[in-house]
Structure formats: structure tokens, C-alpha cells
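# Fold and contact review
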Amino acid sequence: MTDAVGSRQRSALVVYESMYGNTDSIARAIAQGIENVMPVTVVNVNHASTSALLTIDLLVVGAPTHVHGLSRPNSRSAAISSASAALPLDVDAVGTGVREWLAGIETSARYFAAFDTRVNMPRWMTGAAAPLISRLLRARGLEAITTPEDFLVTDETRLVSAELTRAKQWGLDLALAASARSSPPAASE
């Protein structure tokens, strides 16, 4: 795709890991905000293809917070074991986590943003996954478009009211910031 002056149209990819559906819902709300500015694709980490990473400008990555940080195979296994009728497992919960996925990616993205879901308690008590996601993406040479963001869930593992609205606005803000940074400087008169 090209814009009016012949350059490739900006695009984004939102990649997420989700155990009980909350991070999935947040990722989709973020994409709704982004799509107001640029094309965006949302994909679970288990389905994130290498080719999709090579044609984007903005990469947004999110995961649930497990044991004060980014999930590991053993924390995902524990979450799978905790699933029940009252707490159903996300359809794509079993498989690769964001931590393992980030270890092997190559991307054309220049900018990134990281988010997580965590219990609505002080961060010192819950920890957060997004700061490590951010560090891992920075280590790959990407530039943060903003600071890592937390989206909150209740003790019953349900999204806190208004988090989807906040996620949509955050996505819009990300896309606007990425577009502003990617745009060529205006010609002086």
C-alpha cells in the first residue's frame, strides 16, 4: 500500500498472550484505537507469523502478569490448571508465550509499545509483565513510543470497568504518536 506521495502506508501489529481472555480483549480494544489512524492486525502470539513482522511500523505486545512478571512455561501451566467453568481458558492459551516468542523475532517495526494485564492492587504487590516486554523489544533495537501500560483486572479475574475504553484511547494515542514520528518534516517556506 502507498499513500498519496508514493511511500508505503504505515501499519501496526498487536501481538498478545492471554490465559483467560482479558489480555485478548485489551489487545482488540487497543487495535480499535489504532485502526482510526493506520491499518492494524491483532494476533495471538501462537499465530504471529514472521512475515507479518516484516511489513509493519508499530509493534504492540502484551501479556498477562504472572508471578510478578512476564509468564514462563511453568506459570502458564499453573494458569491452565486453574481454569474452571467460572474461569474459562482462552482458546489460544496453550502454546508459546510472549517471552519465548520475543527471543526469536525479526521485525521491520521501528516503534513499539508494551502492555500487560494485572490484578488491581499496588504494582509492588503484583509486579507487571510490560516492563520486561519493553526491555526485550528495546534490546532488539526498537524505540518505545510510550512507557509500558498496565490494564487492570479484579481479584475475580474480570476486567475493571472502563479498561476497554482506556485501552482503545491508548491505542489511538500510540498510532498518532507513531504517525507523527514517522512523518517527514514539513517543508519550510
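Preceding this paragraph is the structure being described.
Scope of this entry: the structure provided in the associated data block.

Conventions used here
Residues numbered from 1 in each chain as written. Predicted model: local features only at pLDDT ≥ 70, side-chain atom pairs only at ≥ 80, totals over all residues. Heavy atoms only, no water. Core = buried A, V, L, I, M, F, W, Y, C linked by side-chain atoms within 4.5 Å. Buried < 20%, exposed > 50% of the residue type's maximum accessible area, 1.4 Å probe, protein only. Helix = DSSP H or I, 4+ residues; strand = E, 2+ residues; numbered from the N terminus. Polar contact = N/O pair within 3.5 Å; in protein donor to acceptor, adjacent residues only side chain to side chain. Contact = heavy atoms within 4.5 Å. Phe/Tyr/Trp six-rings, centres within 6.5 Å; stacked < 30°, edge-to-face > 60°.

### Considering the nonpolar core
The biggest cluster of nonpolar side chains holds 24 residues, and the ones touching the most others in it are V15, L59, V98, W101, I133 and L137. Looking at this core, the elements with two or more residues in it are β1 (12–16), β3 (58–66), α4 (98–102), β5 (111–119) and α6 (130–139). Among the elements that make up this core, the one with the highest residue count is α6 (four residues). With 22 residues, the next largest nonpolar core counts A29, L58, A167 and A175 among its residues.

### As for α6
Taken together, the buried positions of α6 are A130, L132, I133, S134 and L137. Backbone geometry just after α6 places G141 at a positive phi near 95 degrees.

### Brief notes about the side chain of D150
By the element assignment, D150 lies in strand β7 (residues 149–153). What makes D150 buried here is its relative accessible area of 12%. Within the structure, D150 has its side chain in polar contact with the side chain of R118 (distance 3.1 Å). If we skip the residues at most four places from it in the chain, D150 touches D116, R118, R123, A128, E163 and R166.

### Observations regarding the packing of aromatic side chains
Taken as a whole and judged by the stated rule, the model has three aromatic pairs. Taking the centre distance of 6.2 Å and the plane angle of 70 degrees together, the rings of F115 and W170 count as edge-to-face. In this pair, F115 sits in strand β5 while W170 sits in helix α7 (residues 163–182), placing the two residues 55 residues apart along the sequence. Take W170: its relative accessible area is 10%, and that puts it in the buried class. Here the aromatic rings of F151 and W170 are separated by 5.8 Å at their centres, their planes lie at 75 degrees, and the arrangement is edge-to-face. With a gap of 19 residues between them, F151 in strand β7 and W170 in helix α7 connect regions that are remote in the sequence. We classify F151 as buried; its relative accessible area is 0%.

That's the geometry; what it means functionally is another story.
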